[in-house]
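# Summary of the model geometry
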Amino acid sequence: MAQPVDPTRVAGLEITDGPSGLKPGVLDAALPVDGGDGGEIDKVAANAVADVQRYWREHLPAVFSRDFRPLAKLASYDSAGRGRVICGASTAGLVNAFYCAGEDVVAWDRGELLPMLNDSIGPASVMAVLAHEIGHAVQFRLGLPAATPSIVKEQQADCYTGAYLRWVAEGKSPMFQVSTGRGLNEVLTALFQIRDSAGVAFDDDGAHGNAFDRVSAFQFGFTDGPARCAMIDEREVEGRSTQGGFGSAAANERAAAENVRLDDREALADLTTSLRQAFRLAATPPTLTTGAACGVTTEDALASYCSESNQINLDLDGLVRIGTPPRRGRQGGIGDFAAFAEVASRYTLAVQQEGGFRLDGPVAAQRTACLTGFWASTLVDGGALTLSPGDLDEAIAEMLTRNSLIAADVRGRTLPAGFARVAAFRDGFSSGSQETCGEKYR
């Protein structure tokens, strides 16, 4: 039987919402930076590299019986400038950060990338990007073959990033801090922002992974440590990848571009059928209707479950808004799967009620996310609804919003930590078992 998960903690750590980034009083660059301008971004980046290397000086010998050799060089450039040559290539227009084994260098764009991450997402995202690049340096030191598929290299690096940030979250870094609530949300948001686009297969050259798979790899490292990261290989990635297996790249792109509106009668009927197929209720299944919300305490809840009448009341206009992704020059919501999953989350409350579970409180919110993930797993092989590339990424995006309904109890109160929301959803999806959700979240 699975061990129950404490909803008040993140992978065993207390949920915190304090500041993330450099600790007060730490700013002077700890390492020299080739080509840097001496500005604050370069100092933050250099300190981040120094801190990640401090982590690996301790953990590479302890976990892998190897000494950690510091990087030969750090390099900074401005992608908007004329560019400079690093590892034989110009950095002009290169909005990126990278590791080059040939020169054993970690380089970053101080002009656009790091300021954008810091300003639009938060300082923890800068830490994560640089920790990811040093993860590639760790692979080089461990002798990972150069022919290893890029998807394996990238998800190992995401995993190593999680292991480092666990160390920071535990308060062991002398230079940086990260909260397990808002801080880890910043990291997960960064992984969402730099995910592979729909249409990229997991075995494509240069593939990094979609948001769901990258977040999964990060959580492996944060929860289980660096030894787990080295276990990520081609067989494992192929077995759990959610961005492959949906057909040709062209078909993937078409499917991702087609968003279904929940105010379409046929779409709503297909959603209802998929839920009834996933959850075989002994009692009469709940009905979907439009009407006044019941039981919820948040004003913007777009769906609510009424246990007495066994109804799910929908705000169709609001669900259509969240289900319409942004287009060029036009604001939008997230995507159709986010809207579908919010409705599915309310359906799982009827499932929980039949199983004798409480419907309110943080454990119920965890169980709801897990059961919604299980429902998503039943859509992989088709039926009334079929998962399309990008759908699970939309679920990630929804769970990182302030009032995620996917991970909320019957009153609409969501789990405080995005990490915990995603972990519970991933438990249900990866296990493909409704029973797992009842065992782990009780």
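In every chain, residue numbers begin from 1 and rise along the written sequence. Whole-chain, interface and lining totals are the exception, using all residues; otherwise, since this is a predicted model, local features are given only for residues with pLDDT of at least 70 and side-chain atom pairs are given and counted only at 80 or more. Side-chain calculation: all heavy atoms of the structure are included, whereas hydrogens and water are not.

Rules: UniProt positions are given in the numbering used here, feature names are shortened, and annotations may be inferred rather than shown by experiment.
An unreviewed UniProt entry annotates the protein as Putative metalloprotease of Amycolatopsis umgeniensis. The Subcellular location (unreviewed entry) field of the UniProt record for the protein holds the comment "Membrane".

### Let's talk about the domain arrangement of the protein
Rules: The split into domains, and so the bounds of each, comes from an automatic or database assignment of domains. Working rule for contacts: check all heavy atoms of both residues, and any pair within 4.5 Å makes them a contact. Once two parts are brought into contact, the accessible area they lose, counted with a 1.4 Å probe and summed over both, makes up the buried area. Only one rule defines a salt bridge in this text: a Lys or Arg side-chain nitrogen within 4 Å of an Asp or Glu carboxyl oxygen. In protein, a polar contact means a hydrogen-donor-capable atom and an acceptor-capable atom, both N or O and within 3.5 Å, with residues adjacent in sequence counting only if both atoms are side-chain atoms; elsewhere, any N or O pair within 3.5 Å suffices. Numbering goes from the N terminus for both helices and strands, where a helix is a DSSP run of H or I of at least four residues and a strand is a run of E of at least two.
Under the domain assignment used here, the protein contains domain 1 (9-240) and domain 2 (259-440). On a C-alpha basis, the centroid separation for the pair domain 1 and domain 2 is 32 Å. Each partner contributes to the interface: domain 1 provides 23 residues, whereas domain 2 provides 15 residues. Where domain 1 abuts domain 2, roughly 1,600 Å² becomes buried across the two surfaces, and 71% of that area is made up of carbon and sulfur atoms. Interface area lost by domain 1 to domain 2 is led by Asn185, Phe212 and Gln219, which between them contribute 39%. Connecting domain 1 to domain 2 are zero salt bridges. On inspection of domain 1 and its partner domain 2, the count reaches five residue pairs in polar contact (both at pLDDT 80 or more). Mapped onto the side of domain 1 that touches domain 2, the elements with two or more residues apiece are α5 (182-193) and α6 (211-224). Ranked by the residues each element gives to the side of domain 1 that touches domain 2, the list is headed by α6, at nine residues.

### Some points on helix α2 (residues 113-120)
What counts is decided by this rule: We call a residue buried when its accessible area falls under 20% of the maximum for its residue type, exposed when it is over 50%, and partly exposed in between, using a 1.4 Å probe and counting protein chains only.
Burial in α2 covers these residues: Leu113, Leu114, Pro115 and Leu117. Contacts made by the buried residues of α2 are with α1 (40-64), β7 (97-100), β8 (105-109) and α3 (123-142). Of the residues trailing α2, glycine 122 is marked for its positive phi of about 145°.

### Things to note about unusual backbone geometry
Despite not being glycine, alanine 11 has its phi angle at roughly 50°, a positive value. Topologically, alanine 11 is positioned in the loop between β1 (9-10) and β2 (13-14). In this model, serine 65 sits at a positive phi of 55°, which is unusual for a non-glycine residue. Here serine 65 is to be found in the loop between α1 and β4 (73-77). Residue class for serine 65 comes out exposed when judged on its relative accessible area of 67%.

### Quick look at the packing of helix α14 (residues 391-399) against helix α15 (residues 418-431)
Note the threshold: Think of each axis as a best-fit line through the C-alpha atoms, taken over the contacting stretch in the case of a helix, with angles from 0 to 180 degrees between the N-to-C directions. Left-handed describes a crossing whose near helix is turned anticlockwise from the far helix by less than a right angle; the clockwise case is right-handed. For this classification, the nonpolar set comprises Ala, Val, Leu, Ile, Met, Phe, Trp, Tyr, Cys and Pro, the charged set comprises Asp, Glu, Lys and Arg, and every other residue, Gly included, is treated as polar.
At a minimum axis separation of 9 Å, α14 and α15 run at an interaxial angle of 150°. Along this stretch, α14 crosses α15, giving a crossing that reads as right-handed. Residues Leu392, Ala395, Ile396 and Met399 of α14 form the contact with α15, whose own contacting residues are Gly418, Arg421, Val422, Phe425 and Phe429. Counted by class, the contact of α14 with α15 contains seven nonpolar, one polar and one charged residues.

### Quick notes on the state of the cysteines
Note the threshold: In this description, the term disulfide denotes a pair of cysteine sulfurs within 2.5 Å.
Summed over all chains, the structure comprises four disulfides. Paired by a disulfide, cysteine 370 and cysteine 437 hold their sulfur atoms 2.1 Å apart. Across the S-S bond linking cysteine 370 and cysteine 437, the dihedral sits near -80°, which makes this disulfide left-handed. A residue pair is termed long-range when its members are at least 10 positions apart, and cysteine 370 in helix α13 (residues 362-377) and cysteine 437 in helix α16 (residues 434-440) qualify at 67 residues. The class of cysteine 370 is buried, set by a relative accessible area of 0%. The disulfide pattern of the protein is 1-2, 3-4, 5-6, 7-8 when the bonded cysteines are numbered in sequence order.

### Things to note about the environment of asparagine 47
With respect to the secondary-structure elements, asparagine 47 resides in helix α1. Overall, asparagine 47 belongs to the buried group, its relative accessible area being 1%. Residues asparagine 47 and phenylalanine 176, 129 residues apart in the sequence, show an inter-C-alpha distance of 8.7 Å.

### Concerning helix α10 (residues 265-278)
Note the cut-off: Here the expected length of a helix is defined as 1.5 Å per residue gap, with one fewer gap than residues. Summarising the geometry, the arc corresponds to the directions from the helix axis toward the C-beta atoms.
With 14 residues, α10 ought to run about 20 Å at 1.5 Å a step, and its terminal C-alpha atoms sit 20 Å apart, in line with that. All of the buried residues along α10 are Ala267, Leu268, Leu271, Thr272, Ser274, Leu275 and Ala278. Seen end-on, α10 carries its buried residues on one side only, within an arc spanning 160°. Projecting away from the buried face of α10 at angles above 90 degrees are the exposed residues Arg265 and Glu266. Contact partners of the buried residues in α10: β10 (287-290), β12 (311-314), α12 (336-354), α13 and α16.

### Section: the sheet that holds β8
Each strand in a sheet pairs with its neighbour through backbone hydrogen bonds, running either in the same direction (parallel) or in the opposite one (antiparallel). As a reminder of what qualifies: Paired strands, in this sense, are two strands between which DSSP finds at least two bridges.
Taken together, three strands build an open sheet; the order of strands is β4-β8-β7 and the sheet is mixed. What marks the edges here is a single partner per strand, and that holds for β4 and β7. Going from strand to strand, the sheet's axes swing by 15° on average, the running direction of each strand aside. As defined by bridge partners, β7 adjoins β8 across four bridges and the pair is classed as antiparallel. From the neighbouring strand, cysteine 100 faces β8, where its bridge partner is valine 105. Against the sheet, α1 engages β4 and β8, with an angle of about 150° to β8. Lying over the sheet, α3 contacts β7 and β8, oriented at roughly 15° with respect to β7.

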